[in-house]
Amino acid sequence: MILLAMNWQEPLLRAVVGFNHYVIYYFLALNTVYLILFLVSLLEVVRFVRRTFFSDYQQILKSEMTWPISIVVPAHNEERGIVDTVRSLLQLNYGEFEVVVVNDGSSDATLERLIRAFDLRKTDRIYRRTLPTERVKGIYASLEVPSLTVVDKDPGGKSDALNAGINLSRYPLFCSVDADSVIEENALLRIVKPFMEHPEEMVAVGGIVRIINGCEVKDGRVVKIGLPRRAMAVFQVVEYLRAFLSGRIGWSVLRSLLIISGAFGLYKKAEVVAVGGYDFHTDTEDLELVVKLHEHLKKQKSRYRIVFVPDPVCWTEVPEKFKTLLQQRNRWHRGLLQSFARHKKMFLNPKYGVIGTLALPYFFVFEMLGPFVEVLGYLSVILAYFLGILNMEFFLLFLMVAIFYGVFLSIAAVLLEEISFRRYPGWEDLARLIWYAIWENVGYRQLLALFKVKAFFDFIRRRRRWGEMGHKGFHEPASDGVAPK
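Below or above, wherever it landed, is the structure these notes cover.

Conventions adopted
Residues numbered from 1 in each chain as written. Predicted model: local features only at pLDDT ≥ 70, side-chain atom pairs only at ≥ 80, totals over all residues. Heavy atoms only, no water. Helix = DSSP H or I, 4+ residues; strand = E, 2+ residues; numbered from the N terminus. Buried < 20%, exposed > 50% of the residue type's maximum accessible area, 1.4 Å probe, protein only. Contact = heavy atoms within 4.5 Å. Areas by Shrake-Rupley, 256 points an atom, 1.4 Å probe, with all protein chains shown as cover. Polar contact = N/O pair within 3.5 Å; in protein donor to acceptor, adjacent residues only side chain to side chain. Phe/Tyr/Trp six-rings, centres within 6.5 Å; stacked < 30°, edge-to-face > 60°. Salt bridge = Lys/Arg side-chain N within 4 Å of Asp/Glu carboxyl O. Arc of directions from axis to C-beta.

**Some words on the overall build of the chain**
Of regular secondary structure, the chain possesses 14 helices and twelve strands. Each of the three principal axes of the chain carries a C-alpha extent, and together these read 90 × 50 × 50 Å. Within the chain, the fraction of its 485 residues that count as buried is 57%. Of the contacts formed within the chain by residues at least 6 apart in sequence, a portion of 81% connects residues at least 24 apart. Carbon and sulfur atoms make up 60% of the accessible area of the chain, which amounts to about 22400 Å² in all.

Structural data, given as structure tokens:
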């Protein structure tokens, strides 16, 4: 019996030890890729800050050559913050632009608040369905605010609402903005600059998204920047800094940017219409659109640019509750899997350049398969401990590549923010961010990995659910003079 037990345990022990070594290599490779992206981003941020210091945005503002922009805002049940969002957009420092708000079948007072706040009237404007959408019930405008148009339509989802806004937009560039977001005053001047520098090649530009939880907003403007009170939201501040300042800048420099946040992105309308607009078959319409643009333009053998710039700032609200964060991240990861499945022919295909040979392999290995390796890796270390085969040298090595390496990268992203843009003014904010950058890698990161594992099985079962984000808004609901519903 003892011999049988030993024979049974021996393969298990070898498997656990072998997998543990594989996990070490995985974390080492993952964090080394992050480090390379960070170093690329660091050099680009230094160059960007130097260029921006001498930039004359007043010339862009006054030039007759500056492209006019249509700002498209999809809104579904956004009564708490929609008026503040629209007010902030109307106050943007830019030459010629319009704001198109699309009320996508809201069941709350979203439309009523807009009508009351801006004295809107229903018009007889013709709706041309360049992109297919659900039925448009009415188009509203205001004599007091001629640059504002509000569309009321049957519910069709965010992609459908964005397509409706594109159909009604008048200008060659459109900017997608979430209804729970606040755009800084000069953001359009900064995000349009790449189109001014490369008008023929530029197709899309993404701006940085920062977290508004904890900030003070007045009259549609962020007047005081602060950190959120809840730990869940502060973890996301660190996560966003690392994702945007390290990840997206790096991928942009490598001409491999696959994601432009739906909260704030600027696009050439003709190219978006050419690929059929936003797609409602995926749960992350922003990712899917950028991948479609890459595929289409690579097939056309066009010279094009899709870039990220770290200066135009969009402030948005993030989840502060566990359940809401789970729903959001589940949808994000499902959308990644959906887009990868739809565009799998690009994977390792040299015809698609660095997108096929670099960006998609990275997302496949580290974003799609990575969560399983991470979760199983932590479990295998625990199992090794209980089996009595976890030696101290291995455990310290595991902590270094899995935890401490990640802590270093998170702190580096926070310090990069501090030395380049310094949005958080107080030293207390910096100390708090560094503290959370440490603990983000112990608990929060593992939680996100579990969310992604769950999302994978939801994807396999073809489950699709958006989930309510439960926005609190930037003011009390009655601030626009309309009683809460």
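We are not done yet, so read on.
**Quick word on the environment of Glu 184**
Residue position: Glu 184 is located in the loop between strand S7 (181-183) and helix H6 (187-197). Residues Glu 184 and Ser 88 lie 96 residues apart in sequence; the distance between their C-alpha atoms is 7.9 Å. A polar atom in the side chain of Glu 184 sits 3.0 Å from the side chain of Trp 315.

**Things to note about the packing of aromatic side chains**
Across all of its chains, the model carries 28 aromatic pairs by this definition. Aromatic side chains Phe 340 and Phe 364 sit 5.5 Å apart centroid to centroid with 25° between the ring planes, which places their arrangement in the stacked category. Here Phe 340, found in helix H10 (residues 322-342), pairs with Phe 364, found in helix H11 (residues 353-368); they are 24 residues apart in sequence, far enough to count as distant. Taking the relative accessible area as the measure of exposure, Phe 364 reaches 26% and is therefore partly exposed.

**With respect to the pattern of salt bridges**
Scanning the model with the defined rule gives 28 salt bridges in all. We note a salt bridge from Asp 160 to Lys 153, for which the minimum N-O separation is 2.6 Å. The pair Asp 160 / Lys 153 is uniform in exposure class, with both members buried. Members of the salt-bridge network, linked through shared partners, are Lys 454, Asp 458, Arg 461 and Arg 463.

**Some points on helix H4 (residues 110-118)**
Taken together, the buried positions of H4 are occupied by Thr 110, Leu 111, Arg 113, Leu 114 and Phe 118. Seen from one end, H4 has its buried residues packed into an arc of 165°, which puts them on one side. Packed against the buried residues of H4 are strand S1 (69-75), helix H3 (82-90), strand S2 (97-104), strand S4 (136-141) and strand S5 (148-153). Of the residues flanking the end of H4, it is Asp 119, one or two places downstream, whose phi is positive at about 50°.

**Quick look at the environment of Leu 266**
You can see Leu 266 is positioned in strand S11 (residues 264-268). On the basis of relative accessibility, which here comes to 0%, the residue Leu 266 falls in the buried class. Apart from the residues lying within four places of it in its own chain, the contact partners of Leu 266 are Ile 69, Leu 173, Phe 174, Cys 175, Ile 191, Val 192, Phe 195, Val 203, Ala 204 and Val 205.

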